[in-house]
Amino acid sequence: MRDDSTGGDGGVPHLSPEEFRKLGHRMVDWIADYQARLESFPVRSQVAPGGVASKLPEHPPEEGLAGEAGWEGIFKDLEDIILPGLTHWQSPSFFAYFPANASGPAVLGELLSAGLGVQGMLWSTSPAATELETRVLDWLAELTGLPEDFRSTSATGGSVIQGTASEATLVAMVAARERARRHGAPADSEWVAYASTQAHSSVLKAAMLCGVAHGAEDTTHVRLIETSARYGMRPELLERTIREDLDAGRVPFFVCATVGSTSSGAADPVRAVGEVMARTPMRASGGWLHVDAAWAGAALVCPEHRDLLDGMSGVDSLAFNPHKWLLTNFDCNAFYTRDRKALLDALSVTPEYLRNAASASGAVIDYRDWQVPLGRRFRALKLWFVLRHYGAKGLRAHIREHVRLGERFESWVSEDERFEVAVPRSLSLVCFRLKPLPGEPPQATDARNRELLERVNASGKMFLSHTVLHAVEGAPARYVLRMAIGASMTQERHVRAAWELLASSVG
Ligand SMILES: *Cc1c(COP(=O)(O)O)cnc(C)c1O
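The shown structure was predicted, so the numbers you read here are calculated from the model rather than taken from an experiment. (Residues numbered from 1 in each chain as written. Predicted model: local features only at pLDDT ≥ 70, side-chain atom pairs only at ≥ 80, totals over all residues. Heavy atoms only, no water.)

Describing the sheet that holds strand β6 (residues 317-320)
- One open sheet accounts for 7 strands, arranged β1-β7-β6-β5-β4-β2-β3; its pairing is mixed. Since the sheet does not close on itself, it has two edges, and those belong to β1 (158-162) and β3 (222-225), each with one partner. Within this sheet the neighbouring strands show an average axis-to-axis angle of 20 degrees, counted without direction. (Pairing = 2+ DSSP bridges. Helix = DSSP H or I, 4+ residues; strand = E, 2+ residues; numbered from the N terminus. Axes fitted to C-alpha atoms, helices over the stretch in contact; angles between N-to-C directions.)

Put into structure tokens, the structure is as follows:
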């Protein structure tokens with residue numbers, strides 16, 4: 001026990017650096033052991049609702065643990081309470097949603113960020129936090145082949161780490177509205193944003209947050225444009241809708257094109273969308289094209305996937321999540337724009353208490369002006385560690401291996417006559433399902449697929465998720481399974497085991 005009367009800490013039981021060192025080593029050991037044990041856990045958590053909460057005390061402790069020995073209880077609770085309540089996103093047999101990559105270098109960067117505990121809202125509140133962020137994002141722009149004018153070294157562009165793709169879309173949307181106002185649209189215009197029916201729900205949410213959409217059902221101010229059979233936005237319908245809105249006196253100001261949709265990995269035709277904006281009065285009145293490449297953007301590190309960048313000359317901003325498929329643990333969204341001024345105009349507010357000489361000089365970046373919150377963590381550290389540890393070669397190998405595994409899986413599905421690939425594979429995402437039996441109504445096919453999914457997920461041996469590909473061009477809506485290969489440690493044996501389990505679980 002420490003003697004509070006002589007400790008000089010006013011009775012506050014901080015860990016000493018020596019105590020922290022010991023516990024820290026133990027926690028790192030625990031994480032390393034977790035990585036080694038990952039394949040022994042059921043991938044999807046098997047707890048019932050309330051199962052975790054029921055094991056937690058109702059009231060906070062009055063007495064703290066004060067020191068190392070007391071932490072035994074915490075390590076025990078990790079095993080007994082927390083682990084059973086986890087879905088193991090880092091399991092090599094996790095194929096659900098999109099991946100949420102963590103990696104050793106990223107985790108160490110995250111630890112360091114917490115250990116340093118700096119808050120990088122302004123350049124002056126930690127110059128390294130800002131300057132490292134700017135540099136690693138320029139590295140990432142180079143690695144992904146983004147246009148020069150998205151880099152900090154360009155005359156008008158720049159980049160920032162946002163927390164998530166959702167925040168990136170929101171920030172792009174408010175910048176877009178600001179720019180449209182500069183072009184003369186009245187502040188109280190009836191604003192209209194466009195995306196495809198396959199766009200992520202964060203586009204609608206952003207429109208709700210910034211007051212463009214009046215609720216989730218507001219299809220007048222957020223137009224979801226119908227797609228082709230491959231689930232890419234149909235540009236001719238976009239053009240018709242924009243013209244209708246203009247005729248009705250509304251102000252089209254924002255288009256979100258998706259590259260790698262959440263449902264099926266589909267890509268909107270970015271070039272054609274940009275051309276529509278240029279052909280209608282939308283572009284000339286400040287209209288903004290944002291590309292949401294949350295998942296697929298990571299694949300741009302491979303030159304063979306740069307076709308995803310076609311049409312970038314008409315794009316105002318692009319964002320993707322290294323926290324999905326680029327080995328950087330959540331949260332880390334790389335946001336690029338070629339019009340940083342629009343962002344700053346929309347987001348800068350400077351109260352007296354934040355004024356400082358460096359900011360006033362205009363020679364530095366204050367990232368608080370590029371995002372919704374004021375404060376910000378030192379997230380660039382983890383990205384820096386990832387880029388340095390893996391190098392461009394390592395990152396390309398990571399993406400290529402998963403795409404190769406996606407190809408393997410796709411070939412096994414198409415060789416089994418009970419199954420079919422539902423839409424062409426997108427990178428490492430395969431949407432597939434059990435084929436309809438002769439004369440089987442669509443709902444019955446859907447039900448068999450739902451049952452198959454539940455059976456394999458309940459086994460604990462793997463976890464994958466589903467989507468409904470909505471009816472398009474005469475084809476009915478289809479319930480399909482999504483095999484999203486991308487966990488950091490997934491190898492061919494895990495993908496093969498997943499396929500064998502699926503194939504042997506058909507009822
Ligand atoms: C995952 C995803 C998002 C949302 O990502 P967050 O970073 O969690 O906000 C947005 N758009 C697409 C296309 C996605 O796949």
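Details of the domain arrangement of the chain
- For the chain, the assigned domains are domain 1 (17-43 + 45-86), domain 2 (111-387) and domain 3 (398-504).
- Computed from C-alpha atoms alone, the centre-to-centre distance between domain 1 and domain 3 is 35 Å.
- Taken together, the 5 residues of domain 1 in the interface contact 7 residues of domain 3.
- Where domain 1 abuts domain 3, roughly 350 Å² becomes buried across the two surfaces, and 47% of that area is made up of carbon and sulfur atoms.
- Broken down residue by residue, the surface that domain 1 buries against domain 3 is led by Glu39, Val43 and Gln46, which jointly contribute 87%.
- Viewed at the interface, domain 3 and domain 1 are joined by 1 salt bridge.
- Summed over the shared surface of domain 1 and domain 3, the number is 3 residue pairs in polar contact (both at pLDDT 80 or more).
- Of the residues in the side of domain 1 that touches domain 3, the class split is 3 nonpolar, 1 polar and 1 charged. (Domains from an automatic or database assignment. Contact = heavy atoms within 4.5 Å. Buried area = accessible area lost by both parts, 1.4 Å probe. Salt bridge = Lys/Arg side-chain N within 4 Å of Asp/Glu carboxyl O. Polar contact = N/O pair within 3.5 Å; in protein donor to acceptor, adjacent residues only side chain to side chain. Nonpolar A, V, L, I, M, F, W, Y, C, P; charged D, E, K, R; others polar.)

So, the packing of aromatic side chains
- Applying the stated criterion across every chain yields a total of 18 aromatic pairs.
- Ring geometry for Trp71 against Phe75: centres 6.4 Å apart, planes inclined by 50 degrees, an arrangement best described as tilted.
- We classify Phe75 as buried; its relative accessible area is 5%.
- A centroid spacing of 5.9 Å and a plane angle of 80 degrees characterise the contact between Tyr97 and Phe463, whose relative ring orientation is edge-to-face. Here Tyr97, found in the loop between α2 (72-82) and α3 (104-116), pairs with Phe463, found in the loop between α14 (442-458) and β10 (465-469); they are 366 residues apart in sequence, far enough to count as distant.
- Each residue in the set Trp89, Phe94, Tyr97 and Phe463 is aromatic and connected to the rest through ring pairs, giving one cluster.
- In this structure, Arg26 is placed above the aromatic ring of Phe75, and the distance from its NZ or CZ to the ring centre is 4.0 Å.
- Positioned over the ring face of Tyr479 is Arg450, at 5.3 Å from the centre of the ring. (Phe/Tyr/Trp six-rings, centres within 6.5 Å; stacked < 30°, edge-to-face > 60°. Buried < 20%, exposed > 50% of the residue type's maximum accessible area, 1.4 Å probe, protein only. Lys NZ or Arg CZ within 6 Å of the ring centre and 35° of its normal.)

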